[in-house]
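Structural overview for review
One letter stands for each residue in the lines below.
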Amino acid sequence: MLEPNAAKTAHSADAIKSAADSAARQYIASNPLSGAINADAAHFLPGGNTRTSLWTNPFPLCMVSGHDQHLIDADGHDYIDFLGEFTAGIYGHSPKIVNDAIIAALADGVNLSSHNKWEGKLASMIIDRFPSMDLLRFTNSGTEANLMALAAAKAFTGRSKIIVFEGGYHGGVLSFPPGGSKTNVPHEFVLGTYNDQADTQRLIEENKNNLAAILVEPMLGAGGCIPGDPAFLHMLRDMSAAAGALLIFDEIQTSRLSAGGRQALLGITADITTIGKFFGGGLAFGCFGGRLDIMNQFNPSRVDALPHAGTFNNNTLTMAAGCAAVEHLLTPQALVQINERGDRFREDIQALFARLGAPFRVSGLGSIMNIHPISPSMHSADLRNLLFFELVSAGIYIAARGLIALSLSITDEDTATFLAAMEGILIKHKTLFLTT
Ligand SMILES: Cc1ncc(COP(=O)(O)O)c(C=O)c1O
């Protein structure tokens with residue numbers, strides 16, 4: 001027989017599951033065309049999906065257009081987009097200045113089989129912002145940028161081990177969720193605990209003779225927007241240098257926290273930095289850059305140069321879009337404003353949860369944040385689903401896992417709309433939450 005408290009928990013878990021199931025049924029009924037598009041695609045793509053992070057049970061929404069901070073789905077619903085393409089969509093949808101740059105580049109022809117006039121310009125604008133980069137190279141994705149950063153570190157140091165952290169995400173083949181990933185590249189990874197200084201010091205000490213690099217996000221992104229402790233990140237800087245290993249900062253998300261990324265805010269200079277997402281103006285993009293001696297390994301005029309080919313590394317559309325976006329939209333001032341808005345928004349969400357006794361919390365930095373059920377209990381997946389389906393039905397789009405990334409198009413009015421919708425949902429389900 002269950003103890004009284006256990007019985008209460010079991011009861012509330014059942015009630016939350018039943019509310020989440022009911023919200024899912026409502027989602028299915030409201031989104032027949034998204035469901036049908038997914039079912040058709042499933043004949044050709046596993047689960048109808050080609051990007052795992054977008055997967056949502058029972059099927060993901062299919063968006064058909066986006067303008068500024070708004071998205072329209074196949075069934076005609078209009079959403080305020082609080083997901084912002086998992087941080088990549090910082091400019092909002094279809095900013096004219098970027099569209100015009102793409103159209104102008106298109107008019108001159110793509111696939112020119114050559115260097116072009118934009119790649120050096122985009123590189124110079126990025127290098128101006130990141131003192132850790134003396135030279136850089138472009139890739140087509142953040143994953144590729146991290147793969148190349150690791151290759152550069154191993155070749156440079158002549159060593160093979162790489163310290164990474166549980167919860168870290170550096171791409172589809174460099175992913176370290178609890179329980180591991182079967183699709184990772186076979187490097188000699190040593191898994192550390194994020195923000196655990198003592199344990200990480202021990203790992204560095206134990207592996208220092210063969211340690212090529214430490215690869216770390218200054219804030220765990222896909223791992224739930226968990227900021228790295230400044231003292232932890234400074235320790236990584238000091239101890240990697242002492243061990244003769246390279247510090248690689250994956251700033252693919254956090255480079256939007258200031259003009260020089262989180263490293264500028266912390267006063268840390270990494271040996272190699274990777275960026276991606278928005279620096280290509282919204283088109284496929286990645287980039288790794290670092291110290292002169294490390295990056296010069298790739299100078300193709302050297303007889304011993306490391307190869308780094310890639311048909312689309314300098315594709316004209318991305319290079320032109322990146323130049324326009326970084327110069328005109330991703331200004332230092334715009335980044336200050338969006339991150340201040342994000343800090344206020346996060347505090348307001350947290351205050352709402354506290355006022356209503358809701359079983360959620362929000363973590364993050366600046367314009368990137370994640371809503372979590374407070375305790376990782378057996379019903380936290382149902383709590384997440386319930387919140388997601390309710391927000392969608394209120395016209396608010398976030399990631400099912402709780403990620404929110406503001407775009408420059410999001411206004412104070414939009415954040416107020418979000419807070420009012422969230423309050424309505426929490427009040428509607430108050431009896432459920434009070435028993436969790
Ligand atoms: C921190 C971080 N690193 C790497 C990546 C991989 O980038 P991409 O999806 O462009 O391959 C991501 C993508 O979400 C990321 O958030």
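These notes cover the structure that comes with them.

Basis of the calculations
- Residues numbered from 1 in each chain as written.
- Predicted model: local features only at pLDDT ≥ 70, side-chain atom pairs only at ≥ 80, totals over all residues.
- Heavy atoms only, no water.
- Core = buried A, V, L, I, M, F, W, Y, C linked by side-chain atoms within 4.5 Å.
- Buried < 20%, exposed > 50% of the residue type's maximum accessible area, 1.4 Å probe, protein only.
- 1 Å grid on protein atoms, 1.4 Å probe; cavity = no way out; pocket = protein on both sides within 12 Å on 5 of 7 lines; lining within 4 Å.
- Points joined across faces, edges and corners; volume = space filled by probe spheres on them.
- Nonpolar A, V, L, I, M, F, W, Y, C, P; charged D, E, K, R; others polar.
- Near = heavy atom within 4 Å.
- Polar contact = N/O pair within 3.5 Å; in protein donor to acceptor, adjacent residues only side chain to side chain.
- Areas by Shrake-Rupley, 256 points an atom, 1.4 Å probe, with all protein chains shown as cover.
- Helix = DSSP H or I, 4+ residues; strand = E, 2+ residues; numbered from the N terminus.
- Contact = heavy atoms within 4.5 Å.
- Salt bridge = Lys/Arg side-chain N within 4 Å of Asp/Glu carboxyl O.

1. Structural notes on the nonpolar core
Of all hydrophobic cores here, the largest spans 79 residues; its most connected members are F82, I126, I404 and F418. By size, the runner-up hydrophobic cluster in this structure holds 21 residues, among which are F165, I204, L211 and A245.

2. Focus: the layout of surface pockets
Taken as a whole, the second largest pocket spans an internal volume of roughly 560 Å³. Looking at the second largest pocket, it is lined by 21 residues, and the ones nearest its centre are H115, E119, L136, R137 and F138. In the lining of the second largest pocket, the residues fall into nine nonpolar, 10 polar and two charged.

3. Considering the site of the ligand
Neighbouring residues of the ligand: S141, G142, T143, N146, Y169, H170, G171, E217, D250, I252, Q253 and K277. Taking T143, its side chain carries an N or O atom lying 2.4 Å from an oxygen atom of the ligand. If the ligand stood free it would expose 390 Å²; the protein chains cover 83% of that surface. Of all the elements, helix α5 (residues 142–157) adds the most residues to the shell around the ligand, at three residues. By residue class, the composition of the shell around the ligand is two nonpolar, seven polar and three charged.

4. Thoughts on the side chain of R237
Inspection of the secondary structure assignment puts R237 in helix α7 (residues 230–243). Residue classification places R237 among the buried residues on the basis of a relative accessible area of 14%. Not counting chain neighbours up to four residues away, the residues in contact with R237 comprise L247, I268, T269, A270 and D271.

5. Points about the pattern of salt bridges
Taken as a whole and assessed by the stated rule, the structure comprises 16 salt bridges. We note a salt bridge from E85 to R51, for which the minimum N-O separation is 2.8 Å. With a gap of 34 residues between them, E85 in the loop between β3 (78–81) and α3 (96–107) and R51 in the loop between α2 (32–41) and β1 (63–67) connect regions that are remote in the sequence. The partly exposed category is assigned to E85, whose relative accessible area is 38%.

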